[in-house]
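What follows is each chain in one-letter form.
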Amino acid sequence: MKESCPVCGAEADLQFFSYNIPHFGDAILFVVSCPSCGYRSTDVRILSEFKDNQKRYELVVSSVRDLNVRVIRSSFGSIEIPELGVNIEPKEGESFISTVEGVLKRVERVVEVLIRDEGGAKKKRAEWVLGQIEKIKAGKARMTLILEDATGNSAIIPD
Ligand SMILES: [Zn+2]
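A brief report on the enclosed structure follows. (Residues numbered from 1 in each chain as written. Predicted model: local features only at pLDDT ≥ 70, side-chain atom pairs only at ≥ 80, totals over all residues. Heavy atoms only, no water.)

### Points about the pairing of strand E10 (residues 143-148)
Counting buried positions along E10 gives 5 out of 6 residues, so the element sits mostly inside the fold. As paired strands, strand E5 (residues 56-61) and E10 are joined by 6 bridges and run antiparallel to one another. Opposite Glu 58, over in E10, you have Ile 146 as the bridge partner. Both strand E7 (residues 78-81) and E10 contribute to a ladder of 3 bridges, which runs antiparallel. Within E10, the residue paired with Ile 79 across the bridge is Leu 147. (Buried < 20%, exposed > 50% of the residue type's maximum accessible area, 1.4 Å probe, protein only. Helix = DSSP H or I, 4+ residues; strand = E, 2+ residues; numbered from the N terminus. Pairing = 2+ DSSP bridges.)

See below:
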């Protein structure tokens, strides 16, 4: 399908990806991408009877196995990892259907930019966060993943 790009007005592609998640239900990921200016926007809708049951999810990640837990984040979902001091505010167009490991990769990418651009205490702090993420990925440190979404379109879904 085609849609006009909200940035440059050129013809952008609109794609739908459907996910069936066992014991949970269906979710649809919408992706708008513009070949002219590179604009990209994603959103998620959960089509599940569980959708409205829960607005807040909390998962303790303490083993390598927990890295594979599925995470759905809509444009209205906020993510918090208190142990790392990480807060990801809701942002339109930045939705995903991923895993705990995928969330950590996103945090790593943001922190790596900080390390490049910052110095002093901020850089030290960022390096510490990256080190903790390595430990968490190796199952040697734990963290809590908190996901909140008033629209019910975000979820943490253990197997
Ligand atoms: Zn564009």
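### With respect to helix H1 (residues 100-117)
Between the first and last C-alpha of H1 there are 26 Å, a value that for 18 residues agrees with the 26 Å anticipated at 1.5 Å per step. Among all positions of H1, only Val 100, Gly 102, Val 103, Leu 104, Val 107, Glu 108, Val 111 and Ile 115 are buried. (Expected span 1.5 Å × (residues − 1).)

### Focus on the coordination of the zinc ion
Only Cys 5 (SG), Cys 8 (SG), Cys 34 (SG) and Cys 37 (SG) from the protein reach the zinc ion as donors, at distances of 2.3 to 2.4 Å. Here the zinc ion is ringed by 4 donor atoms whose angles at the metal span 106 to 115 degrees, and the overall shape comes out tetrahedral. All donors of the zinc ion belong to a single chain; written as a sequence motif, their spacing is C-x2-C-x25-C-x2-C. In this pair, Cys 8 is assigned in the loop between strand E1 (2-4) and strand E2 (11-21) and Cys 37 in the loop between strand E3 (25-33) and strand E4 (40-47), connecting sequence segments 29 residues apart. (Donors = N, O, S within 2.8 Å, 3.2 Å for Na, K, Ca; no water. Tetrahedral: all angles 85-135°; square planar, octahedral: opposite > 155°, others 65-115°.)

### Here's the deal with the layout of surface pockets
There is about 570 Å³ of room inside the largest pocket. In terms of lining residues, the largest pocket is bounded by 26 residues, among which Ile 88, Glu 94, Arg 106, Val 107 and Val 110 are the most central. Secondary structure elements with two or more residues in the lining of the largest pocket: E4, strand E8 (86-88), strand E9 (96-99), H1 and helix H2 (120-137). In terms of residue count, the dominant contributor to the lining of the largest pocket is H1 (6 residues). (1 Å grid on protein atoms, 1.4 Å probe; cavity = no way out; pocket = protein on both sides within 12 Å on 5 of 7 lines; lining within 4 Å. Points joined across faces, edges and corners; volume = space filled by probe spheres on them.)

### Some details on the side chain of Thr 42
With respect to the helices, strands and loops of the structure, Thr 42 is situated in strand E4. Residue Thr 42 is classed as buried on the basis of its relative accessible area of 6%. A polar contact is formed between the side chain of Thr 42 and the backbone oxygen of Ser 95, at a distance of 2.7 Å. (Polar contact = N/O pair within 3.5 Å; in protein donor to acceptor, adjacent residues only side chain to side chain.)

### Let's talk about unusual backbone geometry
The backbone phi angle of His 23 is positive, close to 65 degrees, even though this residue is not glycine. Along the chain, His 23 turns up in the loop between E2 and E3.

### Brief notes about the pairing of E3
Sheet analysis places E2 next to E3, joined by 9 bridges and oriented antiparallel. Note that in E3 the partner of Asp 13 across the bridge is Ser 33. Linkage of E2 to E3, two consecutive antiparallel strands, is achieved through a turn of 3 residues, within which His 23 is found at a positive phi near 65 degrees. Where E3 and E4 come together, 8 bridges link them in antiparallel fashion. For Val 32, the partnering residue across the bridge sits in E4 and is Ser 41. What sits between the antiparallel neighbours E3 and E4 is a turn of 6 residues, in which Gly 38 has the positive phi angle 85 degrees.

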